[in-house]
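# Observations on the model geometry
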Amino acid sequence: MCIRDRHHPATLTRRFTPGEHAGSHGVVDNREVSEHKEPAVTSTHIQNDAKLCSHDARFPHSSTGLPRGGQFGLLVTLVITVLSYQLNTTMVTPALPDIGRSFAVSEGTLALVSSLFFLAGAVAGILLTRWSDFLGRARMLLAVLAILLVGTLVCALAPNFPIFVTGRVLQGVSGAVFQLAYMILSESVSPAILGTMLGIISAANGGVGGLDGWFGGILTDHFGFQAIFFVIAGLTSVAIFLTVRLLTTQERPAASGKMDWWGGGLLSLSLIFLTY
């Protein structure tokens, strides 16, 4: 027989009559056993569970996801970061004749300005992108931008061609910027907007519709090729500032493990030997 508790309506009290068995524990006389009912599942519970599931589906890489303001700030930061690298190719190309005349080098030697820049970028893309798994994406991006700034200033102030080429190699390390930007995006935003934001960054990586090359030629004609590098240094400084303010504060925990330097070094040497 079941009796409902007056003080706890959700609790039923069962009284066993004499001689009645309670499971496998034998005969129980007048013993009260409380049986608690499971809470009823309501439509409100179902709706809340559905919201949680939809939230997890939209943000598989993060438990929170970025708000709209954070997404816009992230996009602006990564676009400026990618442009800091890209302008070193599109703006410098019109200035190559002036660079050759200033340092009195042949056309064959002048080709090192571009070839060493891209080679350093290829090696950095292999090593630094993987290293960011253990160091952290934003920290690695900040380190790459710092090296880019130093290399840019070296190029702007170089007294001779060997030092200028050294600066170009340092600039080339920023070749890892696009890969890092892609990883930061994929880990920070939902798949619904990842494609759009990645398309914008890819467009920035392709240049500014030819205007960057035209602007580089204008700067070279009026102020010399050094002006190009001072402009790039200013843009890189802005990228560093935004990275510190917006990205390092949202850094994801780095993965455990260690970098395979032997494998990365061997792959990088193979790439260098294939190029030269």
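Thresholds applied
- Residues numbered from 1 in each chain as written.
- Predicted model: local features only at pLDDT ≥ 70, side-chain atom pairs only at ≥ 80, totals over all residues.
- Heavy atoms only, no water.
- Axes fitted to C-alpha atoms, helices over the stretch in contact; angles between N-to-C directions.
- Helix = DSSP H or I, 4+ residues; strand = E, 2+ residues; numbered from the N terminus.
- Parallel < 35°, antiparallel > 145°, perpendicular 65-115°, else oblique.
- Contact = heavy atoms within 4.5 Å.
- Polar contact = N/O pair within 3.5 Å; in protein donor to acceptor, adjacent residues only side chain to side chain.
- Core = buried A, V, L, I, M, F, W, Y, C linked by side-chain atoms within 4.5 Å.
- Buried < 20%, exposed > 50% of the residue type's maximum accessible area, 1.4 Å probe, protein only.
- pLDDT = per-residue confidence, 0-100.

For the pair helix α10 (residues 211-223) and helix α11 (residues 226-247), interaxial distance at closest approach is 7 Å and the crossing angle is 125°. One way to sum up the angle between α10 and α11 is to call them oblique. Counting all contacts with α10, which are made through Phe-215, Gly-216, Leu-219, Thr-220 and Phe-223, the residues of α11 involved are Gln-226, Ala-227, Ile-228 and Val-231.

Our next topic: the side chain of Ser-186. Tracing the sequence through the fold places Ser-186 in helix α8 (residues 177-188). A polar atom in the side chain of Ser-186 sits 2.9 Å from the backbone oxygen of Met-183.

A word on the nonpolar core. Of all hydrophobic cores here, the largest spans 32 residues; its most connected members are Leu-74, Leu-78, Leu-128, Leu-141, Leu-185, Ile-201 and Leu-247. Secondary structure elements with two or more residues in this core: α2 (68-90), α5 (112-135), α6 (137-157), α8, α9 (191-205) and α11. In terms of residues, this core owes the most to one element, α2, which gives 7 residues. Dropping the residues within four chain positions of it, Ile-201 is found in contact with Leu-75, Leu-78, Val-79, Val-82, Phe-178 and Leu-185. Judged by nonpolar contacts, the second largest core, of 21 residues, contains Ile-99, Phe-161, Phe-225 and Ile-232.

Right, let's get into the confidence of the model for the protein. Low pLDDT marks regions whose predicted coordinates should not be analysed in detail. Residue-level pLDDT values for the protein average 76, and 70% of them are 70 or greater. Looking across the protein, the model is least confident in strand β3 (residues 32-36), with a mean pLDDT of 44, and most confident in helix α7 (residues 161-172), with 95. Under a pLDDT of 50 for its full length, residues 1-5 has, in the predicted model, 14 contacts with residues more than four places off or in other chains. Counting contacts from residues 20-38, a segment whose pLDDT is below 50, to residues more than four positions away or on other chains yields 36 contacts.

Moving on, we get to helix α3 (residues 96-103). Of the residues making up α3, those classed as buried are Leu-96, Asp-98, Ile-99, Gly-100 and Phe-103. At its buried positions, α3 is contacted by α4 (107-110), α5, α7 and α10. At the C-terminal side of α3, Ala-104 shows a positive phi close to 55°.

With that out of the way, let us pick up the environment of Leu-83. Mapped onto the elements of the fold, Leu-83 is located in helix α2. Looking at Leu-83, the relative accessible area reads 17%, which means it is buried. Through-space distance from the C-alpha of Leu-83 to that of Leu-235 is 8.2 Å; in sequence the pair is 152 residues apart.

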